[in-house]
Amino acid sequence: TKSVYRADGNRLVEKPVTWDQTQVEKNIKYINQFSQKLDVPVDLILVPSAGFILEDQIKGIHDDYSDDTMIDSIYALANKQTIRCLDLTGLYRNERNPGALYYRTDHHWTSLGAYYASVAFCNANEIVKQVRGGSVYKTKDISRAVDYIMLPKYKEVQKDKDKYNESFLIQY
């Protein structure tokens, strides 16, 4: 169809979205109002598109992706008193295999893409701390998350946190 581009590895990526300033301002206004009514911290995470992250792999002439500019513009409109904005753009752009972050034939992120976002969220909120070796996470405050999060490549959960040096480093 005309709404997707072909990229390396038989990958399909959606064309860039059209910026609608009026709609963006309306949406962020509602998010700001919602955040002011809550009694808990609010995090706003906008995920860059597969096309933006994989733009160098798109074949032929294509429209430019400006996800970074759009995300920055939206975050600038967010109420900093009640909303913390978490930017995944740098994290995703620095991934050594960015194609692993999104499925090959649609715009959804893979488990790895979701994992990176969840670690960024947890780190920003000090919910979980990584154990030396990158294998197990234990929550700092179980009221905000599950008791243990295990990475897919490990089968056992270590529960003795005193054995480990606490760290916020992302290691995968």
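Residues numbered from 1 in each chain as written. Predicted model: local features only at pLDDT ≥ 70, side-chain atom pairs only at ≥ 80, totals over all residues. Heavy atoms only, no water.

1. A closer look at the overall build of the protein
Using the following cut-off: Under the DSSP-based scheme used, a helix requires at least four consecutive residues in state H or I and a strand at least two consecutive residues in state E, with every element numbered from the N terminus. Between buried and exposed lies partly exposed: a residue is buried under 20% and exposed over 50% of the maximum accessible area for its type, with that area taken using a 1.4 Å probe on protein chains only. What makes two residues a contact is simply this: any of their non-hydrogen atoms within 4.5 Å. Working definition of accessibility: Shrake-Rupley area with a 1.4 Å probe, residue cover restricted to the visible protein chains.
Counting its secondary structure elements, the protein contains five helices and seven strands. Here the protein, with 172 residues, has 33% of them falling under the buried criterion. If you take every contact in the protein between residues at least 6 apart in sequence, the share linking residues at least 24 apart comes to 55%. About 11,000 Å² of surface is accessible on the protein, with carbon and sulfur atoms providing 50% of the total.

2. Observations concerning the layout of surface pockets
Threshold: Here a cavity denotes grid points, spaced 1 Å and computed from the protein atoms alone, that fit a 1.4 Å probe unable to get out, and a pocket denotes an open set having protein on both sides within 12 Å along at least 5 of 7 lines; residues with an atom within 4 Å of a point are the lining. Grid points are joined across faces, edges and corners, and a volume is the space filled by probe spheres set on the points.
Roughly 610 Å³ of volume is contained in the largest pocket. Forming the walls of the largest pocket are 28 residues, and the residues nearest its centre are Val-17, Val-47, Asp-67, Met-70 and Ile-74. Among the secondary structure elements, those contributing two or more residues to the lining of the largest pocket are helix 1 (21-37), strand 3 (42-46), helix 2 (50-53) and helix 3 (67-77). With five residues, helix 1 is the largest single contributor of residues to the lining of the largest pocket.

3. Thoughts on the confidence of the model for the protein
Which entries qualify depends on this criterion: Scored between 0 and 100, pLDDT is the confidence that the predictor attaches to each residue.
A residue-level look at the protein finds 73% of positions with pLDDT of 70 or above and a mean pLDDT of 77. Ranking the elements of the protein by mean pLDDT puts strand 7 (residues 148-150) last with 39 and helix 3 first with 96. Contacts for the low-pLDDT stretch residues 137-172, under 50 throughout, to residues beyond four places or in other chains number 79 contacts.

4. Observations concerning unusual backbone geometry
Peptide bonds are, in most cases, trans, and in most cases residues other than glycine have a negative phi. In this structure, Asn-10 is a non-glycine residue whose phi angle is positive, near 55°. Tracing the chain through its elements places Asn-10 in the loop between strand 1 (4-7) and strand 2 (11-14).

5. What to know about helix 5 (residues 111-124)
Counted only if it meets this: Given a helix with a known number of residues, its expected span is that number minus one, times 1.5 Å.
The terminal C-alpha atoms of helix 5 lie 20 Å apart, and with 14 residues this matches the ideal 20 Å at 1.5 Å per residue to within 8%. Taken residue by residue, helix 5 has Leu-112, Gly-113, Tyr-115, Tyr-116, Ala-117, Val-119, Cys-122 and Asn-123 as its buried positions. Immediately downstream of helix 5, the backbone of Glu-126 shows phi near 50°, a positive value.

6. Describing the packing of aromatic side chains
Threshold: When two rings of Phe, Tyr or Trp (its six-membered ring) have centres within 6.5 Å they constitute a pair, described as stacked for plane angles under 30 degrees, edge-to-face for angles over 60, and tilted for the intermediate range. We call a charge positioned above a ring when the Lys NZ or Arg CZ atom is no farther than 6 Å from the ring centre and deviates by at most 35 degrees from the ring normal.
Applying the stated criterion across every chain, the model contains three aromatic pairs. Aromatic pair Tyr-5 and Tyr-65: ring centres 6.5 Å apart, planes at 75°, arrangement edge-to-face. Here Tyr-5, found in strand 1, pairs with Tyr-65, found in the loop between helix 2 and helix 3; they are 60 residues apart in sequence, far enough to count as distant. Each member of the pair, Tyr-5 as well as Tyr-65, carries the same accessibility label: buried. Here the guanidinium or amino end of Arg-93 rests over the ring plane of Phe-52, the centre of that ring lying 3.9 Å away.

7. Points about the environment of Glu-95
What counts is decided by this rule: N or O atoms closer than or at 3.5 Å make up a polar contact, with two conditions inside protein: a donor-capable atom paired with an acceptor-capable one, and, for residues adjacent in sequence, both atoms drawn from side chains.
Within the fold, Glu-95 resides in the loop between helix 4 (89-93) and helix 5. Glu-95 sits in the buried class, given a relative accessible area of 13%. Other than its neighbours up to four places away in sequence, Glu-95 contacts Leu-101, Leu-112 and Tyr-116. In terms of polar contacts, Glu-95 uses its side chain to reach the backbone amide nitrogen of Asn-97, at 3.2 Å.

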